[in-house]
Amino acid sequence: METGIGSVDGPKGAPSGAVACPATFPASSPTFVGSPEATLGRHLARRLVQVGVGDVFAVPGDFNLTLLDYLVAEPGLRLVGCCNELNAGYAADGYARAKGVGACAVTFTVGGLSVLNAIAGAYSENLPLICIVGGPNSNDYGTNRVLHHTIGLPDFSQELRCFTPVTCYQAVVNNLDDAHEQIDKAISTALKESKPVYISVSCNLPSAPHPTFSRDPAPYFLAPRMSNQMGLEAAVEATVAFLDKAVKPVMVAGPKLRVAKAGAAFAELADASGYAVAAMPSAKGLVAETLPRFIGTYWGAVSTAFCAEIVESADAYLFAGPIFNDYSSVGYSFLLKKEKAVIVQPDRVTVGNGPAFGCIMMKDFLSELGKRLKKNTTAYENYKRIWVPEGQPPESKPGEPLRVNVLFKHVQKMLTGDSAVIAETGDSWFNCQKLKLPDGCGYEFQMQYGSIGWSVGALLGYAQGATDKRVIACIGDGSFQVTAQDVSTMLRCGHNSIIFLINNGGYTIEVEIHDGPYNVIKNWNYTGLVDAIHNGDGKCWTAKVTCEEELTAAIDTATGDKKDCLCFIEVVAHKDDTSKELLEWGSRVSAANSRPPNPQ
């Protein structure tokens with residue numbers, strides 16, 4: 001079982017660092033039939049601990065207060081209070097990336113609709129996330145009453161209807177008789193489907209005892225999904241015939257390796273096959289970049305140097321868990337052909353234009369394929385023939401305004417196996433893609449949903465879950481303005497993350513797609529803001545840098561004397577200082593967005 005950073009294969013170590021709960025927890029004592037402790041609230045809290053949740057990211061509201069009492073009281077569980085529901089959802093997203101499952105708790109409708117955007121993002125990224133909402137009193141259902149925190153209609157289903165498209169299961173718990181079953185089914189469905197679920201609990205039920213909650217919740221077993229053996233054999237046979245006749249085949253990792261828990265199987269196949277190995281941008285961090293024949297990120301026209309040429313000129317390519325959308329395909333400009341591709345999804349394999357095989361688990365398929373393929377290193381040998389070592393940014397003159405490529409040259413030097421990188425939506429996507437990750441270094445970004453501001457909450461949650469990592473976040477000023485408040489929660493939790501705030505005066509990624517005055521934002525005193533949030537409570541250090549000498553001094557301090565502090569480094573950059581990849585990508589996405597309507 002894979003348990004490294006970036007997988008969602010389960011818990012990784014005991015929780016540490018506390019907000020609103022002690023750091024050391026006593027053992028849970030059993031309860032008995034008829035015990036006043038055999039309550040819904042205790043049952044839900046225990047279930048969260050059992051599946052590996054050590055932290056619940058929450059915002060209080062009158063409908064969830066009693067339930068929060070039970071989360072606070074539960075041994076092994078911490079309640080992490082966030083500044084708003086959106087950030088609580090983003091934090092649960094980041095925590096799920098680090099620990100395998102995340103949870104957040106908010107109040108009815110005003111909280112639920114605020115967290116909804118984060119839940120949608122987690123759904124798009126296939127993350128198991130348990131969203132708990134405190135709901136109306138059970139006696140109010142069916143009474144035609146109008147309640148506060150609603151839109152003024154006697155209809156309590158609006159929130160549920162909003163959550164339905166972005167969760168894989170919804171449980172409305174407003175009576176005790178089936179509460180046990182609903183809660184357990186919701187949590188198990190989140191884990192099985194690797195998607196968020198919605199649990200609404202009536203505000204008067206958490207403290208209510210019921211016989212079904214007696215004693216500790218019995219651990220339950222999630223039966224693993226199994227491959228159809230005849231189908232698996234047929235799929236492997238067809239794929240071997242397809243790939244073994246190719247002269248220069250390659251293999252490419254996609255983001256659904258995570259949900260398929262197939263990272264180790266992919267690495268084994270890479271070793272056995274001898275193929276050149278690339279990763280789609282949204283799969284960065286899911287496969288080791290130290291694999292012997294790793295050639296970089298395949299992202300069409302903005303790929304790592306020499307990578308796209310090898311992939312797109314191959315006569316066969318195996319994609320494991322890809323997502324092909326307008327962003328990942330650079331405005332639909334990939335030079336790939338379906339008839340050359342083997343597409344391996346978590347439970348399905350398609351060979352060229354057909355046949356397709358269902359009920360085939362990716363992990364099983366890749367493992368079996370590795371035993372059967374002939375070794376073929378031709379594509380990698382071609383790569384080595386055309387590869388030219390990367391250049392370095394020109395040396396900066398003393399006091400010269402800092403360039404972004406110089407910043408990332410120094411970020412690269414900071415990375416170790418004890419690091420992790422969080423890349424915000426924007427030019428950080430492209431600059432962080434070029435970082436070479438040492439073994440064990442985590443990497444996360446939200447490519448499918450691409451919600452600006454995601455990284456602040458995700459940094460909070462990821463750092464709370466990955467306590468063995470020092471997390472480095474690269475965040476643009478526009479994104480930071482969306483969700484800046486929860487730097488406060490990072491300080492309360494005692495985090496020592498390093499935030500590079502790239503201040504270039506606007507929404508640079510939008511500028512390169514379609515510019516206008518709306519892409520210019522009000523400049524903030526960012527270090528002053530973080531100092532004000534710090535307010536002398538917690539460990540925090542800030543710096544503002546404008547040239548390379550100041551940057552290197554700041555990094556030395558952040559990794560030296562202030563290594564135990566949350567370090568916030570504002571990097572001032574020119575508004576037009578972007579990666580060349582963003583310039584290319586932006587123009588292609590702009591062309592895709594501006595296609596005229598088809599003739600009717």
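Residues numbered from 1 in each chain as written. Predicted model: local features only at pLDDT ≥ 70, side-chain atom pairs only at ≥ 80, totals over all residues. Heavy atoms only, no water.

Looking at an unreviewed UniProt entry, the chain carries the name pyruvate decarboxylase, with the source organism given as Triticum urartu. In its Catalytic activity (unreviewed entry) section, the UniProt entry covering the chain states "a 2-oxocarboxylate + H(+) = an aldehyde + CO2". If you open the UniProt record of the chain and go to Subunit (unreviewed entry), you find "Homotetramer." (UniProt positions renumbered as here; feature names shortened; annotations may be inferred.)

J.: Describe in detail the pattern of salt bridges, supporting the description with residues and values.
T.: Overall, the coordinates contain 16 salt bridges when judged by the stated rule. Lys 409 is the salt-bridge partner of Glu 548, the closest N and O atoms lying 3.4 Å from each other. Placement of the pair is Glu 548 in helix 20 (residues 548-559) and Lys 409 in helix 13 (residues 404-414), with a sequence separation of 139 residues. Taken individually, Glu 548 and Lys 409 each receive the classification buried, so the pair is uniform in this respect. A single salt-bridge network, built from bridges that share partners, covers Asp 93, Arg 97, Glu 125, Arg 258 and Glu 444. (Salt bridge = Lys/Arg side-chain N within 4 Å of Asp/Glu carboxyl O. Helix = DSSP H or I, 4+ residues; strand = E, 2+ residues; numbered from the N terminus. Buried < 20%, exposed > 50% of the residue type's maximum accessible area, 1.4 Å probe, protein only.)

J.: Quick one: what's the story with the pairing of strand 3 (residues 102-107), residue by residue and with numbers?
T.: For strand 3, the buried fraction is high: six of the six residues fall into the buried class. Here strand 3 shows two buried faces, one formed by Gly 102, Cys 104 and Val 106 and the other by Ala 103, Ala 105 and Thr 107. Judged from the two bridges that link them, strand 1 (residues 55-58) and strand 3 form a sheet pairing that is parallel. Bridging from a neighbouring strand, Ala 58 pairs with Ala 105 of strand 3. Pairing analysis gives six bridges linking strand 3 to strand 4 (residues 129-135), with the strands arranged parallel. Bridge pairing links Ala 103 to Ile 130 in strand 4. Crossover handedness for the path strand 3 to helix 4 (residues 112-124) to strand 4: right-handed. (Pairing = 2+ DSSP bridges. Right-handed = clockwise from strand over helix to strand, strands pointing away.)

J.: Any details on the packing of aromatic side chains? Residues and values, ideally.
T.: Think of a pair of aromatic rings as described by two things: how far the centres are apart, and how the planes are tilted against each other in angle. Counted according to the given criterion, the structure contains 18 aromatic pairs. Taken together, a centroid distance of 6.1 Å and an interplanar angle of 65° make the contact between Phe 480 and Tyr 526 edge-to-face. Placement of the pair is Phe 480 in helix 16 (residues 477-483) and Tyr 526 in helix 19 (residues 526-534), with a sequence separation of 46 residues. Exposure class is identical for Phe 480 and Tyr 526. Each is buried. Each residue in the set Trp 299, Tyr 327, Trp 429, Phe 430, Tyr 443 and Phe 445 is aromatic and connected to the rest through ring pairs, giving one cluster. The ring of Tyr 123 is capped by Lys 195, whose NZ or CZ atom sits 3.9 Å from the centre of that ring. The aromatic ring of Tyr 443 is capped on one face by Lys 284, whose charged end is 5.4 Å from the ring centroid. (Phe/Tyr/Trp six-rings, centres within 6.5 Å; stacked < 30°, edge-to-face > 60°. Lys NZ or Arg CZ within 6 Å of the ring centre and 35° of its normal.)

J.: So what about the nonpolar core? Which residues, and what values?
T.: Core analysis: the biggest nonpolar cluster contains 98 residues, and Phe 57, Phe 408, Phe 480, Phe 500, Ile 569 and Trp 585 have the highest contact counts within it. Broken down by element, the residue count for this core peaks at eight residues, all from helix 3 (residues 85-99). Not counting residues within four places of it along the chain, the set of residues in contact with Ile 569 comprises Ile 498, Ile 499, Phe 500, Leu 501, Trp 541, Ala 543, Val 545, Ala 554 and Ala 558. (Core = buried A, V, L, I, M, F, W, Y, C linked by side-chain atoms within 4.5 Å. Contact = heavy atoms within 4.5 Å.)

J.: Hey, could you go over the sheet that holds strand 2 (residues 78-81) for me, with residue numbers and the actual values?
T.: The strand order across the open sheet formed by six strands is 2-1-3-4-6-5, and the pairing between neighbours is parallel. Each of the sheet's edge strands pairs with one partner strand only, and the pair in question is strand 2 and strand 5 (170-173). In this sheet, neighbouring strand axes are inclined to one another by 20° on average, regardless of whether the strands run parallel or antiparallel. When strand 5 meets strand 6 (residues 197-202), the two strands line up parallel, connected through four bridges. Residue pairing for strand 6: Gln 170 is matched across the bridge by Tyr 198. Packed onto the sheet, helix 3 meets strand 1, strand 3 and strand 4 and runs at close to 165° relative to strand 3. Packing against the sheet, helix 6 (residues 179-193) makes contact with strand 4, strand 5 and strand 6, and its axis sits at approximately 160° to strand 5. (Axes fitted to C-alpha atoms, helices over the stretch in contact; angles between N-to-C directions.)

J.: Explain helix 21 (residues 580-593) to me, and be specific about the residues and the numbers.
T.: The terminal C-alpha atoms of helix 21 lie 20 Å apart, and with 14 residues this matches the ideal 20 Å at 1.5 Å per residue to within 8%. Within helix 21 the residues assigned to the buried category are Glu 581, Leu 582, Trp 585, Gly 586, Val 589 and Ala 592. Buried residues of helix 21, seen end-on, are gathered within an arc of 125° and therefore sit on one face of the element. (Expected span 1.5 Å × (residues − 1). Arc of directions from axis to C-beta.)

J.: Mind laying out the sheet that holds strand 12 (residues 348-351), listing which residues take part and the relevant values?
T.: Ordered by their spatial adjacency, seven strands build an open sheet running 9-8-7-10-11-12-13, and the pairing between neighbours is mixed. Looking at strand neighbours, the two that pair on one side only are strand 9 (294-297) and strand 13 (356-358), the edges of this open sheet. Sheet twist, expressed as the average angle between the axes of neighbouring strands with direction ignored, equals 15°. Pairing analysis gives four bridges linking strand 10 (residues 317-320) to strand 11 (residues 341-345), with the strands arranged parallel. Note on strand 11: the bridge partner recorded for Leu 318 is Val 342. With respect to the sheet, helix 9 (residues 263-273) is in contact with strand 7 (250-253), strand 8 (276-279) and strand 10, its orientation differing from that of strand 7 by roughly 165°.

J.: Break down unusual backbone geometry for me, citing the residues and quoting the values.
T.: Here the bond from Gly 354 into Pro 355 is cis, since omega is 10°, no more than 30 degrees from zero. Examined against the element boundaries, Pro 355 turns out to sit in the loop between strand 12 and strand 13. The phi torsion at Asn 126 lies on the positive side, around 60°, for a residue other than glycine. With respect to the element layout, Asn 126 can be found in the loop between helix 4 and strand 4. When its relative accessible area of 12% is taken as the criterion, Asn 126 is described as buried.

J.: Give a detailed account of the pairing of strand 4, specifying residues and quantitative values.
T.: Each regular strand displays side chains that alternate between the two surfaces of the sheet. Of all seven residues in strand 4, seven are buried; the element is thus mostly enclosed. Side chains Leu 129, Cys 131, Val 133 and Gly 135 of strand 4 all project onto a buried face; the interleaved residues Ile 130, Ile 132 and Gly 134 project onto the opposite face, where all are buried too. As paired elements, strand 4 and strand 6 share six bridges and run parallel to each other. Bridged to Ile 130 within strand 6 is Val 197.

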